Amino acid sequence: MELSQILNGLRDPMGVPFYPWLFQVLMVLTFALHIIFVNLAIGGSFMAFYEHYKKGENNKKLSGFLARASTVNLSSAVVLGVAPLLFVQVIYDPFWYVSNLLSAWWAVGFLCFVTAAFLALYAFYLKRKSDNMKGFGFFGVVTFVLLLLAGFVMHLLTVQSLEPAQWKAWYLTGTMMNTSGTTIYDFSISRYLHFIVPSFAITGVFMMLYGWFFSNRKDMDKDYLHWVAVSGAKMALWATIVQIIVGFWWLFSLPTALKFTTNPFLWIGAILGVVFFFVLMAAQNAPEKYAVLTALFAFLAVLGMSVSREVLRMAYLGKFNYSIYTYKLNLHWGSTALFLLTFVMGIIVMAYPLTIAWKLGRYGTANGEGA
Ligand code: HEM
């Protein structure tokens, strides 16, 4: 039996309840949001312990803020990871499940890494609030390392899922089945770094936003806020330079048969990345003024990268005649309507507390008129 028949045969016989393009669009969008918060958690936890060890007055304050923000960003990364996980399981189920089975212990270990990262982050953050922080800086380092490890597991599961032609060789050694689930079969350092290096660019933009967000507050130290914004802009710029180099490294390490270097989606993504770089250059002298614009272009660059990532997956799997657009359709209006309704309700429910939090933070009062 041909591999493409096997792959299509592994699909859910019930089919999908709505047109697959909708799941794909939502998967790309929610992946972009997921990776932004992953980047904020990784970059934020790194900067929190780095600034902690620097020991200056401003460094200490920034470390405290980033430690607290990282707890929220990590929770958001986890919550926003569930959405692309559901979509990937719907339209790419044969690939995701096989990859998870091949390295099952790593897939389970992933949960332990994320849980341990959370606990270490809280130990770091809560202990920061007390006067005696002795020895607890170490927990910041532990958080960072565990998050890198968690990201690596997500990465290897994704990469393995793209190589169905290798699965048989991975499963079998001679006539013996490898059922331990402990082996890592494939990974790509350049691809992994492509998702990790932006942590420092995105966290830099976050620091610029921080400087801008509190700039109206009379009870906040203006020099400190400006220092944070300037440091963030500088870090984001350098990280973006490294990111462009890593991007080309990854691109040229891809199989030439995929012809990805001539794919227009890749170049749209790359152009968005370069535009972000130029906005960052302009922002260096007035980071607070450019903070919102920079954040907007950062989002567009990440979205462009997420679209290219999905187009790349389609190129990989197209080799095996796998297309999500040929998935059996079993239209079910009831569940689709329920899904969209809860989605909209969720936005409405979240809008109110977020508006209050925004006004409280930016102006110091809930009515937004300034303290
Ligand atoms: C909190 C620590 C986490 C980190 C550092 C992390 C990091 C990453 C990275 C780097 C990728 C891209 C991999 C690649 O394309 O090579 C990724 C993808 C993904 N992550 Fe996460 N992640 C985390 C948590 C989660 C959680 C808790 C979930 C689910 C509940 C999740 C679901 C996903 C999904 C579904 C993908 C995309 C898989 C695909 O498109 O094939 N992640 N993550």
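What comes next concerns the included structure. Just so we're clear, the structure is a prediction, and the values are computed from it rather than from any experiment.

Thoughts on the side chain of Glu-288
Turning to step 1, where the next piece is worked out: Relative to the helices and strands, Glu-288 is located in helix 12 (residues 287–318).
Turning to step 2, where the next piece is worked out: Among the polar contacts listed, one links the side chain of Glu-288 to the side chain of His-226, at a separation of 2.7 Å.
Turning to step 3, where the next piece is worked out: Not counting residues within four places of it along the chain, the set of residues in contact with Glu-288 comprises Gly-211, Trp-212, Leu-225, His-226 and Ala-229.

Structural notes on the site of the ligand
Turning to step 1, where the next piece is worked out: Taken together, 24 residues sit near the ligand, with His-34, His-155, Arg-191, Arg-309 and Arg-313 positioned nearest.
Turning to step 2, where the next piece is worked out: In this structure, Arg-191 approaches the ligand through a side-chain N or O atom, which is 2.8 Å from an oxygen atom.
Turning to step 3, where the next piece is worked out: The set of elements that each furnish at least two residues to the shell around the ligand consists of helix 2 (20–54), helix 3 (57–91), helix 5 (104–129), helix 6 (137–161), helix 8 (189–196) and helix 12.
Turning to step 4, where the next piece is worked out: In terms of residues, the shell around the ligand owes the most to one element, helix 3, which gives seven residues.
Turning to step 5, where the next piece is worked out: Grouping the constituent residues of the shell around the ligand by class yields 16 nonpolar, five polar and three charged.

Focus: the coordination of the iron atom of the ligand
Turning to step 1, where the next piece is worked out: Donor atoms from the protein around the iron atom of the ligand number only one, His-34 (NE2), found at 2.3 Å.
Turning to step 2, where the next piece is worked out: With respect to the helices and strands, the residue His-34 is situated in helix 2.

Some thoughts on a nonpolar patch on the surface
Turning to step 1, where the next piece is worked out: A surface patch of nonpolar side chains, about 790 Å² in accessible area, is lined by Tyr-19, Trp-21, Val-25, Met-314, Tyr-325, Leu-329, Leu-331 and Trp-333.
Turning to step 2, where the next piece is worked out: Along the chain, Tyr-325 falls in the loop between helix 12 and helix 13 (333–363).
Turning to step 3, where the next piece is worked out: Taking relative accessible area as the criterion, Tyr-325 reaches 45% and is therefore assigned partly exposed.

Comments concerning unusual backbone geometry
Turning to step 1, where the next piece is worked out: If you check the backbone angles, Lys-259 has positive phi at about 50° while not being a glycine.
Turning to step 2, where the next piece is worked out: The topology assignment puts Lys-259 in the loop between helix 10 (222–253) and helix 11 (264–283).
Turning to step 3, where the next piece is worked out: The exposed category is assigned to Lys-259, whose relative accessible area is 60%.
Turning to step 4, where the next piece is worked out: Unusually for a residue other than glycine, Asn-321 sits at a positive phi of about 55°.
Turning to step 5, where the next piece is worked out: Note on Asn-321: relative accessible area 57%, which makes it exposed.

What counts, and at which threshold
- Residues numbered from 1 in each chain as written.
- Predicted model: local features only at pLDDT ≥ 70, side-chain atom pairs only at ≥ 80, totals over all residues.
- Heavy atoms only, no water.
- Helix = DSSP H or I, 4+ residues; strand = E, 2+ residues; numbered from the N terminus.
- Polar contact = N/O pair within 3.5 Å; in protein donor to acceptor, adjacent residues only side chain to side chain.
- Contact = heavy atoms within 4.5 Å.
- Near = heavy atom within 4 Å.
- Nonpolar A, V, L, I, M, F, W, Y, C, P; charged D, E, K, R; others polar.
- Donors = N, O, S within 2.8 Å, 3.2 Å for Na, K, Ca; no water.
- Patch = residues over 30% accessible without salt bridge, like charges linked within 9 Å, V, L, I, M, F, W, Y side chains within 5 Å.
- Areas by Shrake-Rupley, 256 points an atom, 1.4 Å probe, with all protein chains shown as cover.
- Salt bridge = Lys/Arg side-chain N within 4 Å of Asp/Glu carboxyl O.
- Buried < 20%, exposed > 50% of the residue type's maximum accessible area, 1.4 Å probe, protein only.

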